[in-house]
Amino acid sequence: MKRTTATEYRLRRTAFKTLMYALAIGLSAAFLFPVLWAVGASFKPLIEVYRFPPSFFTWPLRWQNYPEALSKLPFARFIGNTFVITLGATTGQVLSASLVGYAFARLRWRGRDI
């Protein structure tokens, strides 16, 4: 059986790290693309959003989309609903996690340490 030298080990490690970084960059680009598309589409006129083939850049930017959206939709209600749901979910999570944590710390039962 051949023994791996330090140089071969470093070379393999560098190749593995390079591959992992390339994979991470590719996946992050794939996951970030829809977010960038949505931000870019928010500055386009509606006809440009539905154009085929799609255009990634439009000039001039349409800044009026934001005031129109804020005036036509009840964003205060949306934010209030989000706050209520988030507060309820967080409270329920903290309460249930503290009960389960107490049970794991203080109570003994068969199979607990598995």
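As shown above, the structure is provided for reference.
Residues numbered from 1 in each chain as written. Predicted model: local features only at pLDDT ≥ 70, side-chain atom pairs only at ≥ 80, totals over all residues. Heavy atoms only, no water.

A.B. asks: Give me the lowdown on the overall build of the protein chain, citing residues and values where you can.
C.D. replies: A tally of regular secondary structure across the protein chain gives four helices and zero strands. Listed by position from the N terminus, the elements making up the protein chain come as α-α-α-α. In terms of overall size, the protein chain is more extended than a compact globule, its C-alpha atoms giving a radius of gyration of 26 Å where 114 residues would be expected to give roughly 13 Å. Approximately 10700 Å² of the protein chain is accessible, and the part contributed by carbon and sulfur atoms is 71%. Mean positive and mean negative side-chain charge positions of the protein chain (15 and 4 charges, respectively) differ by 10 Å. (Helix = DSSP H or I, 4+ residues; strand = E, 2+ residues; numbered from the N terminus. Rg over C-alpha atoms; globule rule 2.2 N^0.38 Å. Areas by Shrake-Rupley, 256 points an atom, 1.4 Å probe, with all protein chains shown as cover. Lys, Arg positive; Asp, Glu negative; His and termini not counted. Charge placed at Lys NZ, Arg CZ, Asp CG, Glu CD.)

A.B. asks: Provide a residue-level description of the packing of aromatic side chains, including the pertinent values.
C.D. replies: Two aromatic rings are characterised by how far apart their centres lie and by the angle between their planes. A full pass over the atoms with the stated rule returns five aromatic pairs. Ring plane angle 70 degrees and centroid distance 4.7 Å describe the contact between Phe43 and Trp63, whose orientation is recorded as edge-to-face. Of this pair, Phe43 sits in the loop between α1 (6-42) and α2 (46-49) while Trp63 sits in the loop between α2 and α3 (65-72), and the two are 20 residues apart along the sequence. Given a relative accessible area of 15%, Phe43 falls into the buried group. Using a relative accessible area of 54% as the deciding quantity, one classes Trp63 as exposed. What links up through ring pairs into an aromatic cluster is the set Phe33, Trp37 and Phe56. (Phe/Tyr/Trp six-rings, centres within 6.5 Å; stacked < 30°, edge-to-face > 60°. Buried < 20%, exposed > 50% of the residue type's maximum accessible area, 1.4 Å probe, protein only.)

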